[in-house]
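Results of the structural survey
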Amino acid sequence: MLIYVEYITERLLYTLDFVFTERKIPYEITNDGIQFMAAQGHKLNYSSRDFDACLQLKPASLLFEETLFKGEIQAEIFHQAECLSFDKQLDPLAAIFYVLSRMEEYNTIQTDHFQRFEAKASILFKKGWLRQPICEIWSLDFIAYLEQNWNTSLNARALRYTFQPTFDIDNTFAYAHKNKLRSQLADLKDLVYRRKSRRQDRQQVRKGLKHDPYDTFDWIEQIAQHFSETKVFWLLGNYSKLDKNLSHLNLAQQDKIKQIAKFAEIGIHASSQTQNSGQQLQIECARLSAITGYQPNSNRQHFLLLKVPQTYQMLLQNGITHDYTMGYAETTGFRAGTARSFRWFDLSKNEKTALHIHPFAYMDGTLLEYLNLSPQEAMKEIEFLHAQVQHFGGTFSFLWHNETISGYQHWAAYQEVFKACLRLGEV
């Protein structure tokens with residue numbers, strides 16, 4: 001197919017690549033009107049200019065500007081699927097770029113107490129589209145629109161489906177290997193809050209009479225050997241209110257990292273202190289590198305502390321080329337409208353970057369602590385999200401912690417949820 005546009009822009013190229021390239025649909029772009037009129041075959045006029053005897057889709061301005069869109073956004077049916085219109089111009093390509101680029105997150109004031117962009121502020125949440133990979137739905141609807149108008153098949157290849165368990169290691173151990181002061185203070189806190197079972201467990205673990213409940217690393221090792229896409233992100237920040245893991249110098253901590261690094265890629269779990277400090281991220285990456293012997297190139301922000309574009313720019317400056325933070329803490333779904341990895345487009349520079357964004361569909365704490373789902377309700381939600389990814393393609397990536405898969409304390413019933421989720425990857 002040949003696509004005519006008045007201006008060839010980075011935004012346009014990025015969007016057409018997302019829609020067509022991985023589906024193996026060949027296309028060409030031109031801004032030469034004479035060449036377009038003379039060409040034979042399937043032609044799309046994606047402009048406001050008039051040409052005889054060819055399919056025309058008038059574009060919204062969004063793909064041909066270098067600014068953030070501040071106009072009116074509404075929803076209406078494009079071909080068979082409801083899509084976005086911009087200043088009353090319905091345009092699936094502009095809609096895909098708007099969601100994929102996370103344009104709505106730039107300069108937003110709709111954040112929670114951690115300064116994270118809130119799901120309820122998202123256009124996808126407002127329209128009820130968050131639990132679907134909507135950018136894939138719009139892509140397929142656009143392809144179906146072309147096929148119907150041209151009375152042909154573009155032979156779009158189905159997107160590949162993969163299954164990916166991921167783990168964040170916030171607290172390597174519940175009780176073991178912590179210094180005397182930390183243990184005494186924790187013991188006192190449990191005494192004040194009358195948490196008798198925790199005090200007993202702590203004492204038994206520290207005496208070597210009981211296995212530390214958070215030490216689930218043999219199981220994570222088995223999972224990594226079975227599912228080759230498994231990723232593990234380790235918190236190695238300085239101790240703070242939000243960052244409470246053991247020191248990177250702790251030998252037991254280092255042993256666990258080395259154990260898992262034999263079977264799965266270890267990425268950095270950038271601490272809360274990296275939110276405004278690229279230098280701190282550099283320090284944490286160096287700590288992980290000293291333990292594993294390789295420089296990490298993947299990351300997930302602790303507490304999902306993501307601010308667009310600042311966080312992503314900081315990651316790139318520190319050699320991180322793969323980020324796994326794209327998801328919400330308070331709800332499930334597809335924050336960027338897709339389950340497949342994609343290159344981040346930096347709207348502040350108006351260019352595609354080297355950073356690969358890897359979205360996740362759900363997090364353990366979202367199901368239990370934010371949504372308060374029963375194990376049965378949680379599994380139903382996981383199965384729904386998994387079916388979406390299986391149908392539309394991409395990676396079914398999900399986030400658990402070494403402590404949550406343990407089934408310890410309030411996670412007891414959820415261990416079966418995790419096991420049931422893993423079984424989905426066997427199909």
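Report on the accompanying structure.

Assigned secondary structure in the protein consists of 14 helices and 16 strands. In terms of overall dimensions, the protein is globule-like: its C-alpha atoms have a radius of gyration of 24 Å, near the 22 Å expected for 427 residues. Over its C-alpha atoms, taken along the principal directions, the protein stretches across nearly 85 × 45 × 40 Å. Per-residue burial over the protein gives 57% buried out of 427 residues.

The next subject is empty space enclosed by the protein. For the coordinates displayed, the defined rule picks out 1 cavity of 30 Å³ or more. The wall of the largest cavity is formed by D112, R116, F117, L304, G327, Y328, A329, E330 and R335. Residues that form the lining of the largest cavity fall into these classes: 4 nonpolar, 1 polar and 4 charged.

By the bridge criterion, 2 bridges tie strand β12 (residues 322-323) to strand β14 (residues 351-357) in an arrangement that is parallel. The residue of β14 that forms the bridge with H322 is H356. Pairing of strand β13 (residues 342-346) with β14 involves 4 bridges; the strand directions are antiparallel. If you follow F342 over to β14, its bridge partner there is I357. Linking β13 to β14, which pair antiparallel, is a turn of 4 residues; within it N350 sits at a positive phi near 55 degrees.

Glancing now at the layout of surface pockets. In this structure, the largest pocket spans a volume of roughly 1,300 Å³. In terms of lining, the largest pocket is formed by 40 residues, of which the most central are D170, N171, Y214, K244 and E403. Every element with two or more residues in the lining of the largest pocket is listed here: α6 (180-192), α7 (196-206), α12 (364-370) and β16 (394-401). Here the lining of the largest pocket gets 6 residues from one element, more than from any other, and that element is α6.

Turning to helix α1 (residues 10-21), a few remarks are in order. Given 3.6 residues to a turn, an α-helix orients residues that are three or four positions apart in the same direction. Relative to the 16 Å expected for 12 residues at 1.5 Å per residue, α1 spans 15 Å between its end C-alpha atoms, a close match to the ideal helical length. Taken as a whole, α1 has its buried residues at R11, L12, Y14, T15, L16, F18, V19 and F20. If you follow the buried residues of α1, they end up packed against β1 (2-4), β2 (28-30), α3 (92-100), α5 (134-150), β13 and β14.

With that settled, consider the sheet that holds strand β5 (residues 73-77). If you trace the 3 strands from one edge of the open sheet to the other, you get β5-β6-β7, paired in antiparallel fashion. Single-partner strands in this sheet number two, and they are β5 and β7 (89-90). Here β5 pairs with strand β6 (residues 82-86) via 5 bridges, running antiparallel. Bridge pairing in β6 places I73 opposite F86.

So, on to the packing of α1 against α5. Running from N to C, α1 and α5 cross one another at 80 degrees; their axes reach a closest spacing of 10 Å. The pairing of α1 with α5 is recorded here as roughly perpendicular in orientation. Two secondary-structure elements touch here, α1 through F18, V19 and F20 and α5 through C135, E136, S139, F142, I143 and L146. In the contact of α1 with α5, the residues fall into 7 nonpolar, 1 polar and 1 charged.

Strand order in the open sheet formed by 4 strands is β2-β1-β3-β4, with parallel pairing between adjacent strands. In this open sheet, the two strands that pair with only one neighbour each are β2 and β4 (55-56). Bridge analysis of strand β3 (residues 43-45) against β4 gives 2 bridges, and the strand direction is parallel. Each bridged residue has a counterpart across the sheet, and for L44 the counterpart in β4 is L55.

Now for helix α8 (residues 217-226). Among all positions of α8, only F217, I220, E221, I223 and A224 are buried. Seen from one end, α8 has its buried residues packed into an arc of 165 degrees, which puts them on one side. Contacts from the buried residues of α8 go to β8 (161-169), β9 (231-234), α9 (251-261) and α14 (414-424).

This paragraph deals with the environment of I405. Relative to the helices and strands, I405 is located in the loop between β16 and α14. Under the relative-accessibility criterion, I405 is labelled buried at 0%. Residues contacting I405, with those up to four places away along its chain left out, are F167, T216, W219, I220, W400, Q415 and F418.

With that out of the way, let us pick up the pairing of β6. A regular strand carries its side chains on alternate faces of the sheet. Judged by how many residues are buried, β6 sits mostly within the fold: 4 of 5 residues are covered. What sits between the antiparallel neighbours β5 and β6 is a turn of 4 residues. Between the end of β6 and the start of β7, which pair antiparallel, lie 2 residues, with D87 showing a positive phi angle near 50 degrees.

Conventions adopted
Residues numbered from 1 in each chain as written. Predicted model: local features only at pLDDT ≥ 70, side-chain atom pairs only at ≥ 80, totals over all residues. Heavy atoms only, no water. Helix = DSSP H or I, 4+ residues; strand = E, 2+ residues; numbered from the N terminus. Rg over C-alpha atoms; globule rule 2.2 N^0.38 Å. Buried < 20%, exposed > 50% of the residue type's maximum accessible area, 1.4 Å probe, protein only. 1 Å grid on protein atoms, 1.4 Å probe; cavity = no way out; pocket = protein on both sides within 12 Å on 5 of 7 lines; lining within 4 Å. Points joined across faces, edges and corners; volume = space filled by probe spheres on them. Nonpolar A, V, L, I, M, F, W, Y, C, P; charged D, E, K, R; others polar. Pairing = 2+ DSSP bridges. Expected span 1.5 Å × (residues − 1). Contact = heavy atoms within 4.5 Å. Axes fitted to C-alpha atoms, helices over the stretch in contact; angles between N-to-C directions. Parallel < 35°, antiparallel > 145°, perpendicular 65-115°, else oblique. Arc of directions from axis to C-beta.

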